[in-house]
Amino acid sequence: MNGLIYCDTRQQKGKHENIDRWFEKHGVKYEYRKLDFGDYMTDSSNVSIDTKRNVQEVAGNCGKDHARFAREMDRAREAGYRLVILVETPKYKQVADIAGWTNRVCARCQRKRMGYCNPKQSMGCRAGHRKPMTGATLARIMSAMEINHGTRFEFCHPAHTARRICELLGVQYDG
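In what follows, the accompanying structure is described. (Residues numbered from 1 in each chain as written. Predicted model: local features only at pLDDT ≥ 70, side-chain atom pairs only at ≥ 80, totals over all residues. Heavy atoms only, no water.)

1. Side note on the side chain of threonine 51
Thinking step 1. Structurally, threonine 51 can be placed in strand S4 (residues 47-52).
Thinking step 2. Residue classification places threonine 51 among the buried positions, given a relative accessible area of 0%.
Thinking step 3. Apart from the residues within four sequence positions on either side, threonine 51 is in contact with Gln11, Lys15, His16, Asp39, Tyr40, Glu57, Leu86, Thr161 and Ile165. (Helix = DSSP H or I, 4+ residues; strand = E, 2+ residues; numbered from the N terminus. Buried < 20%, exposed > 50% of the residue type's maximum accessible area, 1.4 Å probe, protein only. Contact = heavy atoms within 4.5 Å.)

The structure is reproduced here in structure tokens:
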């Protein structure tokens with residue numbers, strides 16, 4: 001099915017230039033317009049795609065931005081769309097794999113590397129005011145969001161994001 005892909009105008013500038021270039025190289029028609037939810041959709045599909053640059057961005061959306069993120073999922077569902085959260089990462093293949101993820105704050109923390117800090121037991125973190133999210137907690141939140149808000153999390157290598165967007169939306173592309 002050929003179609004025009006709508007891209008949200010409110011995306012971070014330059015965040016998806018690689019996707020635009022891929023669309024152009026493979027003959028995919030697209031235009032920018034304000035979308036009520038997600039980053040990509042078509043008139044011919046009930047799927048909307050919200051792209052996330054990495055797992056750290058998802059953690060922020062599932063943590064401090066949880067209520068806003070859940071409202072976006074609910075808006076998509078109420079409009080008859082299935083929101084697919086496409087996370088750009090070569091490391092993870094499914095939500096369960098996220099349990100092994102380490103938050104960037106903890107990955108940089110000298111105390112964590114030396115074994116002095118355990119975010120599961122600490123009330124706070126010396127690097128910040130709140131306890132950093134663990135991979136296990138993030139995986140539980142993502143699973144609950146899939147069930148409670150009718151969304152789906154998918155993972156792909158950043159080099160394959162544009163192709164996967166086309167596949168999910170049912171848009172044909174050249175070669």
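Back to the write-up after that little detour.
2. Some remarks on the pattern of salt bridges
Thinking step 1. As enumerated under the stated definition, the model contains 10 salt bridges in all.
Thinking step 2. The shortest N-O distance in the salt bridge between aspartate 36 and lysine 34 comes to 3.4 Å.
Thinking step 3. The exposure class assigned to lysine 34 is exposed, which follows from its relative accessible area of 53%. (Salt bridge = Lys/Arg side-chain N within 4 Å of Asp/Glu carboxyl O.)

3. Brief notes about helix H3 (residues 66-78)
Thinking step 1. Helix length check: H3, at 13 residues, gives a terminal C-alpha distance of 18 Å against a target of 18 Å (1.5 Å per residue), a fit within 8%.
Thinking step 2. For H3, the complete set of buried residues consists of Phe69, Ala70, Glu72, Met73, Asp74 and Ala76.
Thinking step 3. Those residues of H3 that are buried lie in contact with S4, helix H2 (55-62), strand S5 (82-88), helix H6 (135-149) and strand S6 (152-156).
Thinking step 4. Where H3 ends, the next residue or the one after it, glycine 80, has phi of about 90 degrees, a positive value. (Expected span 1.5 Å × (residues − 1).)

4. Digging into the nonpolar core
For soluble globular proteins, nonpolar side chains are generally found buried alongside one another.
Thinking step 1. Counting residues in each nonpolar core, the largest one holds 26 residues, and the members touching the most others are Ile98, Leu138, Met142, Phe153 and Phe155.
Thinking step 2. At the level of secondary structure, the elements contributing two or more residues to this core comprise H2, H3, S5, H6 and S6.
Thinking step 3. Those residues in contact with leucine 138 that lie beyond four places of it in its chain are Val55, Val58, Ala59, Cys62, Ile98, Trp101 and Met133.
Thinking step 4. Counting residues in hydrophobic clusters, the runner-up holds 18 residues, among them Trp22, Phe23, Leu86 and Cys166. (Core = buried A, V, L, I, M, F, W, Y, C linked by side-chain atoms within 4.5 Å.)

5. Section: the packing of aromatic side chains
Thinking step 1. Taken as a whole, this structure holds six aromatic pairs when the rule is applied.
Thinking step 2. Taking 5.5 Å as the distance between ring centres and 50 degrees as the angle between the ring planes, the aromatic pair formed by phenylalanine 23 and tyrosine 30 counts as tilted.
Thinking step 3. The exposure class assigned to tyrosine 30 is partly exposed, which follows from its relative accessible area of 21%.
Thinking step 4. The cationic tip of arginine 33 hangs over the ring face of tyrosine 6; the distance from NZ or CZ to the ring centre is 3.8 Å. (Phe/Tyr/Trp six-rings, centres within 6.5 Å; stacked < 30°, edge-to-face > 60°. Lys NZ or Arg CZ within 6 Å of the ring centre and 35° of its normal.)

6. Re the packing of helix H1 (residues 17-25) against helix H7 (residues 161-169)
Thinking step 1. The contact between H1 and H7 brings their axes to 8 Å, and the two run at 65 degrees. By the criterion of interaxial angle, the relationship of H1 to H7 is roughly perpendicular. The handedness of the crossing between H1 and H7 comes out as right-handed. Here Ile19, Trp22 and Phe23 of H1 lie close against H7, whose contacting residues are Thr161, Ala162, Arg163, Ile165 and Cys166.
Thinking step 2. For the contact of H1 with H7, the per-class residue count stands at six nonpolar, one polar and one charged. (Axes fitted to C-alpha atoms, helices over the stretch in contact; angles between N-to-C directions. Parallel < 35°, antiparallel > 145°, perpendicular 65-115°, else oblique. Left-handed = near helix turned anticlockwise from the far one by under 90°. Nonpolar A, V, L, I, M, F, W, Y, C, P; charged D, E, K, R; others polar.)

7. Quick word on the pairing of strand S1 (residues 5-8)
Thinking step 1. Along S1, one buried face is formed by Ile5 and Cys7 and the opposite face, lined by Tyr6 and Asp8, is buried too.
Thinking step 2. Alignment of S1 against strand S3 (residues 40-41), held across two bridges, turns out to be antiparallel. Note that in S3 the partner of tyrosine 6 across the bridge is methionine 41. (Pairing = 2+ DSSP bridges.)

8. Here we look at the sheet that holds S6
In any sheet, the strands associate via hydrogen bonds between backbone groups, in a parallel or an antiparallel arrangement.
Thinking step 1. Strand order in this open sheet of six strands is S2-S1-S3-S4-S5-S6, and the pairing throughout is mixed. Of all strands in the sheet, those bounded by a partner on one side alone are strand S2 (30-33) and S6.
Thinking step 2. The sheet contact formed by S1 and S2 spans four bridges and is parallel. In the sheet register, aspartate 8 faces S2, and the bridge partner there is arginine 33.
Thinking step 3. Along the sheet face, H3 touches S4, S5 and S6 and points at about 135 degrees away from the line of S5.

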